[in-house]
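# Inside the fold
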Number of protein chains: 2
Amino acid sequence: MKNNVKVARVQVDLTQAQLAEQVGVTRQTISLIEKGKYNPSLKLCLEICYAVQKTLDELFWIDREE
Amino acid sequence: MKNNVKVARVQVDLTQAQLAEQVGVTRQTISLIEKGKYNPSLKLCLEICYAVQKTLDELFWIDREE
DNA sequence: GAATAATGTAATGTATATCTTACATTATTC
DNA sequence: GAATAATGTAAGATATACATTACATTATTC
């Protein structure tokens with residue numbers, strides 16, 4: 001499972017801490033999601049999409065190779 | 001938070017039990033997700049998309065009215 | 001290059017997604 | 001309409017997303 005959260009976050013000029021605050025989680029949670037170490041909840045994914053102005057499909061996908 | 005899982009599942013002619021087996025969870029989990037009583041993990045959402053041949057954006061969205 | 005901001009990550013605690021088992025209700029089939 | 005399939009849901013157990021606190025490392029700014 002992979003994601004584009006980091007790229008999208010930088011594109012809207014947010015730090016991890018700022019994104020975290022906007023979506024209502026801690027900075028650590030954002031960090032772990034960007035690193036692919038968490039399997040985030042749908043609700044959090046949708047909040048992130050809203051904050052970075054992307055769709056679910058643009059941000060998240062299954063990488064069936066790994 | 002709302003979803004179209006039930007409609008999409010019926011469209012591909014699967015029962016809750018069949019979809020559950022395909023995505024590797026129990027029937028109860030599918031039932032609760034369709035009812036909107038769970039906030040499923042991204043991984044499970046992606047598995048469901050694959051099974052019912054829909055994209056994340058087609059199946060899941062935030063309903064900001066409720 | 002020193003100060004500061006941003007990010008990585010570890011330990012421990014909590015909330016909740018999901019499982020297991022079980023039974024009740026509703027829809028479908030003969 | 002009786003039998004069966006499909007679905008709803010409840011109780012208790014387990015795994016893990018996420019919080020909290022804290023510190024280390026890396027990037028940025030003056």
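Residues numbered from 1 in each chain as written. Chains lettered and ligands numbered in written order. Predicted model: local features only at pLDDT ≥ 70, side-chain atom pairs only at ≥ 80, totals over all residues.

Per an unreviewed UniProt entry, chain A goes by the name Transcriptional regulator and belongs to Pontibacillus salipaludis.

## Things to note about the interface of chain A and chain B
Between chain A and chain B, the residue contacts involve 13 residues of the former and 13 residues of the latter. Contributions of two or more residues to the side of chain A that touches chain B are made by helix 4 (42-52) and helix 5 (56-59) of chain A. Among the elements that take part in the side of chain A that touches chain B, helix 4 of chain A stands out by supplying four residues, more than any other. Residues that form the side of chain A that touches chain B fall into these classes: eight nonpolar, three polar and two charged. (Contact = placed C-beta atoms within 7 Å. Helix = DSSP H or I, 4+ residues; strand = E, 2+ residues; numbered from the N terminus. Nonpolar A, V, L, I, M, F, W, Y, C, P; charged D, E, K, R; others polar.)

## Comments concerning the protein's contact with DNA strand C
Near DNA strand C, the surroundings consist of 18 residues, among which Thr15(A), Gln16(A), Val25(B), Thr29(B) and Ser41(B) are the closest. Among the elements of the structure, helix 2 (16-23) and helix 3 (27-34) of chain A together with helix 3 (27-34) of chain B are those that each provide at least two residues to the surface near DNA strand C. For the surface near DNA strand C, the leading source of residues is helix 3 of chain A, giving four residues. For the surface near DNA strand C, the residue count by class is five nonpolar, ten polar and three charged. (Near = placed C-beta within 6 Å.)

## Considering the nonpolar core
If you look at the biggest cluster of nonpolar residues, it comprises 30 residues, and the most contacted ones within it are Cys45(A), Leu56(A), Cys45(B) and Leu56(B). Of all the secondary structure elements, the ones that give two or more residues to this core are helix 2, helix 3, helix 4 and helix 5 of chain A together with helix 2 (16-23), helix 3, helix 4 (42-52) and helix 5 (56-59) of chain B. Once residues lying within four places of it in the same chain are set aside, the contact partners of Leu56(B) are Leu56(A), Asp57(A), Phe60(A), Cys45(B), Leu46(B) and Cys49(B). (Core = buried A, V, L, I, M, F, W, Y, C linked by C-beta atoms within 7 Å. Buried ≥ 20, exposed ≤ 12 C-beta atoms within 10 Å, placed from the backbone.)

## What to know about the environment of Glu21(B)
Residues and elements named next belong to chain B. Note that Glu21 resides in helix 2. With 15 C-beta atoms counted inside 10 Å, the residue Glu21 sits in the partly exposed group. Note: C-alpha distance between Glu21 and Gln11 (ten residues apart in sequence) is 17 Å.

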